[in-house]
Amino acid sequence: MLFKYDSSNNFLLADNMIVPSYDLTENPIGTCSFCDAQIISQSYHDLGDNVAVVACCEKCGASFINLYDKAWNWVSEQPISHFFSYKESDVRSEGPQKEEKLLRRENPKQEDLYYTDLTKVPMNKLTTIFSPSEIESMMAKSLGKKYVRQYLYRARKKYKKFQDVFGITLDI
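Rules used in this analysis
Residues numbered from 1 in each chain as written. Predicted model: local features only at pLDDT ≥ 70, side-chain atom pairs only at ≥ 80, totals over all residues. Heavy atoms only, no water. Pairing = 2+ DSSP bridges. Helix = DSSP H or I, 4+ residues; strand = E, 2+ residues; numbered from the N terminus. Axes fitted to C-alpha atoms, helices over the stretch in contact; angles between N-to-C directions. pLDDT = per-residue confidence, 0-100. Contact = heavy atoms within 4.5 Å. Phe/Tyr/Trp six-rings, centres within 6.5 Å; stacked < 30°, edge-to-face > 60°. Buried < 20%, exposed > 50% of the residue type's maximum accessible area, 1.4 Å probe, protein only.

Engineer: Just give me the short version of the sheet that holds strand β3 (residues 17-20), but keep the residues and values in it.
Structural biologist: For sheets, the rule is that strands pair by backbone hydrogen bonds, running either parallel or antiparallel. Ordered in space as β1-β2-β3, the 3 strands form an open sheet in which the pairing is antiparallel. Each edge of the sheet is formed by a strand with only one pairing partner; in this case those strands are β1 (3-6) and β3. Sheet twist, expressed as the average angle between the axes of neighbouring strands with direction ignored, equals 25°.

Engineer: Tell me about the confidence of the model for the chain, residues and numbers included.
Structural biologist: Across the chain, pLDDT averages 77, with 78% of residues at or above 70. pLDDT under 50 marks residues 87-112. Its contacts with residues more than four places away, or in other chains, come to 29 contacts.

Engineer: Describe in detail the packing of aromatic side chains, supporting the description with residues and values.
Structural biologist: Summed over the entire model, instances satisfying the criterion amount to 5 aromatic pairs. Ring geometry for Tyr44 versus Trp72: centroids 6.2 Å apart, planes at 70°, classification edge-to-face. Note that Tyr44 is positioned in strand β5 (residues 38-46) and Trp72 in the loop between β7 (63-69) and β8 (74-79), a separation of 28 residues in sequence. On the numbers, 5.3 Å between centres and 50° between planes, the contact of Tyr68 with Trp72 is tilted. Under the relative-accessibility criterion, Trp72 is labelled partly exposed at 44%. An aromatic cluster is defined as three or more aromatic residues linked by ring pairs; in this entry it consists of Tyr22, Tyr44, Tyr68 and Trp72.

So this is what it looks like as structure tokens:
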């Protein structure tokens, strides 16, 4: 089963169907497979036979889907590497045809996330492409603090690669 997640609306895209969350309670649910820190639940989604719990690592920011059966027995876990953004105004403005297209997600460019605030991007993704100095400069610029222009310039050269790998568009 392919999963994508919209963190701003807490929607889960499971096999091309948008599943809204039914609970947003934050609970510790395990340890991160990448850094062994605590992962905290963000949203719960009913998938019929299973319950999907979207969780995020407190330390590295990695996101996961944990599947449980209806008796809350753990079934599986997989990292979330694909995100999408859902805009309700898109559905209202163009009616049912637009909603069907949104559910099918035919245009992969619509799945890209767009960030101007770097604190919302998982750190493990940033460290994959950018150097620590570049991340520090991007973070400072994102927060309106003093930054090293040279490192930010180098990081901006890598934005396209970051978008290609993670589907996240940066504008910092």
